[in-house]
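# Tertiary structure, described
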Amino acid sequence: MKFTYSTMRDYVATSLDAEALGDLLTMAGFELEGIEEETSEDPILDVKVMSNRGDGLSILGLAREVLAKDAGSQPTDLYLAAKSGFADFAPSRPAEATVRIDSPACNRFACVTVSGVSSAPTPEWIKYRLERIGMRSISLLVDLTNYVMLEIGQPLHAYDLGKLGKEIVVREAQDGETIKTLDGVDRKLSAGQLMICDASRPVGVAGVMGGFDTEVDDATTAILLESAHFLNTSVRKTRKQLGLNTEASYRFERSVDPKITDVAIRRFLQLLKTVLPDVSISEITDVVRSEPVEVVVELELARASRLLGMEITLEEASRYLSALGFEILATEPLKVKVPSWRPDVVRAEDVVEELGRVHGYERIPEELPIGHTTMGGIHGKYRLSDAVIEGMIRLGYVQVVSHTLRSEHPLDAPTDRIGPRNPGSPELALLRNSLLPGLTEAALRNGGKDVHLFEVGQIFEGQVGNTKEFPHLAILSTGKLTPANRASEQPPVADFYSLKAELEAVLTGIGVTPQFSTKEFRPDARFHPGRKAWMLDQAGEWIGVIGQIHPLVAEAADLPEATFLAEVWLDMAFHNAQENPQLNPISRNPAVSRDIAILIDKSVPFDDIKSAITTAPTDLLEDYWLFDVYEGTGIPEGKHSLGIGLQFRKMGANLTDEEGNQARDAIVAAIVELGGILR
C-alpha cells in the first residue's frame, strides 16, 4: 500500500521522519518495500500488507500501529474523530432509499442520498495525494470515494440517482443476466455472483466495480452513495470469474471492518460539504443482515512472557492492546475483546503475537536456547524392531517384505478381515491379518523347501470404523538348516526345537526371556494341535505362538508338512524389552569348567533346571549348556541323565580349583532340591 507522509501526519502527530516511520512499520509486521521521492518534503511510503491484515490497507489502520509502537507519537483530532465515527453528521431530510438484502454474502448495506450536487473540482490537496500514490483523479465524487477508502479502508461507490431507482436489492445474479461495468465492457453474469440491483436490473458488481449505466458525470445533480460489507470469499470468486481487479475488491478480499460502513459515509459527506456546503443530505439507510461475532480471548501474561522470551508487564500489555483497539475486560487473567477489524485474532497465541510485535521482537534478549532436544537416531520401538531384524539375519534367515493388501489365504489369522471400500482387484481386496501368507508365497516362489524366511510388518484386525494395526514378527522354516555348500551326509533339518532356540536367541537379544506353554490362549487351527506352544515373556504376558503347520493347512497352502511357523506380537513383546541391553565387563582371567551329570525325572521341565542353575548362591557362573541327554541302560524308567557344562570366571583374579568346586556344589545343591541326583 502506498501513501504520502503528509497523509499519515494528518492522523498521527509524530517526530519520526519517513525512514524512521518505515522502520517502525516494518518491525510491526508491515514491511517497508521502498520510499519514493525520499528527498522531497512529502515522500511516498510503500509498505507490504499481509493477506490476513486487511486493516493495514488504510491510513487509519497503520496509524494504530504507529501509536501503539511509538510512545512519542500522539493521535490528531482527525484520528480521534475517525475513532468516534465522525459523529458530527447532520442530515437535512429523512431517508429516501430502501434496501433489501437477499443473499447471505452481504452482511450489511448502508446508503445515503445527496442532492444539490454540482461538478465542482476536486480540492487540490486531495487530488495531489491521490495522484502521488498512482490513483488517477476523475471527478470530485469519485475522488472523494477513493480518498475515503485510502483513509478509512472502506470502499464506497456513488451512483447517479437520476439513473437509478431508490429501491436497492442486493441479490445473486441469474444465469444469462448482463451488466456493462464502468470500464465499458459488457459482462455476462453467472448464478451465485453477488450484484447490486435496482428494481429492474443489476447496477453494480458487489465489492468489485459499479455499472456504466449509473455512472456519475458532470451532469449529475443527485447521488446515492453506497457503503457495504460483503463476504470476502464471494468477492474473490466473482472477481476471478469476471477477470476484474480493483482497489475495492483487493480490500474486500482481505477483510474490511464490518462496523465502519456508516463511518465511511459520514467521512465522505464531511469532505463533500467542505466543497459543496449547500448539498441536501438524507438520513442514512443502514440494513444489517448479520452482526459480526464478538471474539473474547483469555491470556496468562506469564505464558506470554514465556513464549516470547521477554518479560511484559500488565501495564505494558494493557497499553499496547488498548492502542491497537482491543477492549480490556479483565486483568487476572488478561481478558480482551478483539476489535471487529481483526478477524485474524482468534486465540491466545494471536494476542501473544500482538504483544510481541508492539513491544518489539528486537528487544528479545540473546540467550542460548534451553530445553530438551529430541533423541537422535533410531530409538524406542523402532530400535527394538531393528534389533529383531538384525538378530534374524544373523541366524541365517532371509527377510521378506510383502504387500499389505491381499486375498484370502489358508494361513490367515482367525480374526475379522477388513479391506478398502473399492479394491483395485480381488487379489488386493483385504488388509492382511497375518504375515504368514506373504512368507508362504515367497517360499513357494523359491522352491517351497529348504527355505528359512521372516518378515517384520504391520497386521490389521477389527471391523469398519474400528480397525487396529499391530507390528508382528512372522517366521517360516522348513528343510535343511545347513547351506548346500556346507551340507554333510545327514544335515540337520528344521524342527520345533530349532525354531524355538532361534526365537529364544532373538528375543533374548532385546532383553525378553521367552517362556513356552501348551496352555491354549486362543484357538488357532493353522498349527498342529499337538506340536505348538504359546510364548510368554518373563512377566508371564502372552506374546506369540510357535509350532508345526497343520497337515490340512499345509496341503491347502502347498507347503511341506514339516514346515514350522511362528508369530510374535511385537508391541506386546516390547512391553518388557530392553532398548539398551545391560553389558558386563569381560574378565582377562581364564575360566574354569566343570561338567556334571544329573539323574532327574523327565517330568521336570528344563526351564526349572535352568532357573535353579542361574539362581544358585554363586556369582562366579559365566555360562552353562546342556550337552547330553541319556536314556538307556542303567537309567530307571521315567528318568533321564542330563550332561550339563558349567563355566566359571572371576573378575580380576584367577579361580582356584577349590573355588570352582564350591561354585559347582552350590549349583548341584539347587538342582537336588528339584529331585535331581548327582551321578
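Preceding block: the structure.
Residues numbered from 1 in each chain as written. Predicted model: local features only at pLDDT ≥ 70, side-chain atom pairs only at ≥ 80, totals over all residues. Heavy atoms only, no water.

Tallying secondary structure elements over the protein gives 19 helices and 33 strands in all. For a compact globule of 679 residues, the expected C-alpha radius of gyration is about 26 Å, and the protein comes in at 43 Å, more than 25% above that figure. Across its three principal directions, the C-alpha atoms of the protein cover 135 × 60 × 45 Å. Evaluated residue by residue, the protein yields a buried proportion of 48% over its 679 residues. Taking the intrachain contacts of the protein between residues at least 6 apart in sequence as the baseline, contacts between residues at least 24 apart amount to 68%. Per element, the accessible surface of the protein, about 33600 Å² overall, is 50% carbon and sulfur. Positive and negative charge centroids in the protein, built from 68 and 100 side chains respectively, lie 2 Å apart. (Helix = DSSP H or I, 4+ residues; strand = E, 2+ residues; numbered from the N terminus. Rg over C-alpha atoms; globule rule 2.2 N^0.38 Å. Buried < 20%, exposed > 50% of the residue type's maximum accessible area, 1.4 Å probe, protein only. Contact = heavy atoms within 4.5 Å. Areas by Shrake-Rupley, 256 points an atom, 1.4 Å probe, with all protein chains shown as cover. Lys, Arg positive; Asp, Glu negative; His and termini not counted. Charge placed at Lys NZ, Arg CZ, Asp CG, Glu CD.)

Before going further, it helps to spend a moment on the packing of helix H10 (residues 301–308) against helix H12 (residues 348–359). A packed helix pair is summarised by two numbers, namely the angle formed by the two axes and the spacing between the axes. One way to put it is that H10 packs onto H12 with a least axis distance of 10 Å and a crossing angle of 65 degrees. You can see that H10 and H12 cross each other, and the crossing is right-handed. For the pair H10 and H12, contact is made by Leu301, Arg303, Ala304, Leu307 and Leu308 and by Ala348, Glu349, Val352, Leu355 and Gly356, respectively. Considered class by class, the residues forming the contact of H10 with H12 number seven nonpolar, one polar and two charged. (Axes fitted to C-alpha atoms, helices over the stretch in contact; angles between N-to-C directions. Left-handed = near helix turned anticlockwise from the far one by under 90°. Nonpolar A, V, L, I, M, F, W, Y, C, P; charged D, E, K, R; others polar.)

What follows covers the nonpolar core. Ranked by size, the top nonpolar core spans 61 residues in total, and within it Met1, Phe3, Tyr11, Val114, Phe268 and Leu272 carry the most contacts. Top contributing element to this core by residue count: helix H6 (residues 140–152), with eight residues. Here this core spans two domains, and each of domain 1 (2–83) and domain 2 (98–288) adds at least three residues to it. What Tyr11 contacts, discounting residues up to four positions off in sequence, is Ile59, Leu60, Ala63, Gln74, Pro75, Thr76, Leu78, Tyr79, Ala82, Phe86, Glu151 and Ile152. (Core = buried A, V, L, I, M, F, W, Y, C linked by side-chain atoms within 4.5 Å. Domains from an automatic or database assignment.)

Okay, the pairing of strand E13 (residues 202–205) next. Relative to E13, strand E12 (residues 194–197) is paired through three bridges, and the arrangement is antiparallel. Bridge assignment links Cys197 to a residue of E13, and that residue is Pro202. Taking the residues that link successive antiparallel strands as the turn, the E12-E13 hairpin has four residues. Examined bridge by bridge, E13 and strand E14 (residues 209–210) share two bridges and lie antiparallel to one another. The residue of E14 that forms the bridge with Gly204 is Gly210. Hairpin connection of E13 to E14: three residues between the antiparallel strands, including Gly207 at a positive phi of 80 degrees. (Pairing = 2+ DSSP bridges.)

Moving on to the packing of aromatic side chains. Overall, the coordinates contain seven aromatic pairs when judged by the stated rule. Ring geometry for Trp125 against Tyr147: centres 5.5 Å apart, planes inclined by 90 degrees, an arrangement best described as edge-to-face. Of this pair, Trp125 sits in helix H5 (residues 124–132) while Tyr147 sits in helix H6, and the two are 22 residues apart along the sequence. Relative to Trp542, the ring of Phe521 has its centre 6.2 Å away and its plane inclined at 10 degrees; by these criteria the two rings are stacked. Of the two residues, Phe521 is situated in the loop between strand E26 (515–517) and strand E27 (527–536) and Trp542 in strand E28 (residues 542–549); the sequence distance between them amounts to 21 residues. By relative accessible area, Phe521 is classed as partly exposed at 35%. Taken together through their ring pairs, the aromatic side chains of Phe521, Trp534, Trp542 and Trp569 make up a single cluster. Lying over the aromatic face of Trp341, Arg64 brings its terminal NZ or CZ to 3.7 Å of the ring centre. The ring of Phe212 has Lys180 lying over it, and the distance from NZ or CZ to the ring centre is 4.5 Å. (Phe/Tyr/Trp six-rings, centres within 6.5 Å; stacked < 30°, edge-to-face > 60°. Lys NZ or Arg CZ within 6 Å of the ring centre and 35° of its normal.)

With that settled, consider the packing of helix H18 (residues 606–614) against helix H19 (residues 657–672). Look at H18 against H19: their axes get within 8 Å of each other, and the N-to-C directions meet at 145 degrees. The handedness of the crossing between H18 and H19 is right-handed. The residues of H19 that touch H18, namely those facing Ile609, Ala612 and Ile613, are Ile667, Ala670 and Ile671. Across the contact of H18 with H19, the residue classes break down as six nonpolar, no polar and no charged.

Another aspect to go through is the sheet that holds strand E20 (residues 334–337). Pairing in this open sheet of three strands is antiparallel, and the strands run E18-E20-E19 from one edge to the other. At either end of the open sheet lies a strand with only one pairing partner, and these are strand E18 (296–299) and strand E19 (327–331). Between one strand axis and the next, the sheet turns through 20 degrees on average, direction left out of account. Looking at chain direction, E19 and E20 are connected through four bridges and run antiparallel. Pairing of Ala330 across the sheet is with Lys335, part of E20.

Okay, H10 next. Leu301, Ala304, Ser305 and Leu308 are the residues of H10 that are buried. When H10 is viewed along its axis, its buried side chains cluster within an angular range of 95 degrees and face the same direction. Projecting away from the buried face of H10 at angles above 90 degrees are the exposed residues Ala302 and Arg306. In this fold, the buried residues of H10 make contact with E18, helix H11 (314–323), E20 and H12. Looking one or two places after H10, you find Gly309, whose phi comes out positive at around 80 degrees. (Arc of directions from axis to C-beta.)

Pairing is mixed across the open sheet formed by five strands, whose spatial order is E6-E9-E12-E13-E14. Edge positions in the open sheet fall to strand E6 (98–101) and E14, since each of these has one partner strand only.

A few words on the side chain of Ser282. Position of Ser282 relative to the elements: it lies in the loop between strand E16 (280–281) and strand E17 (285–288). We classify Ser282 as buried; its relative accessible area is 1%.

Our next topic: a negative patch on the surface. Taken together, the side chains of Asp17, Glu19, Asp23 and Glu38 present a region of like negative charge at the surface. Locating Glu38 in the fold gives a position in the loop between strand E3 (32–36) and strand E4 (44–47). For Glu38, a relative accessible area of 44% gives the class partly exposed. (Patch = residues over 30% accessible without salt bridge, like charges linked within 9 Å, V, L, I, M, F, W, Y side chains within 5 Å. Salt bridge = Lys/Arg side-chain N within 4 Å of Asp/Glu carboxyl O.)

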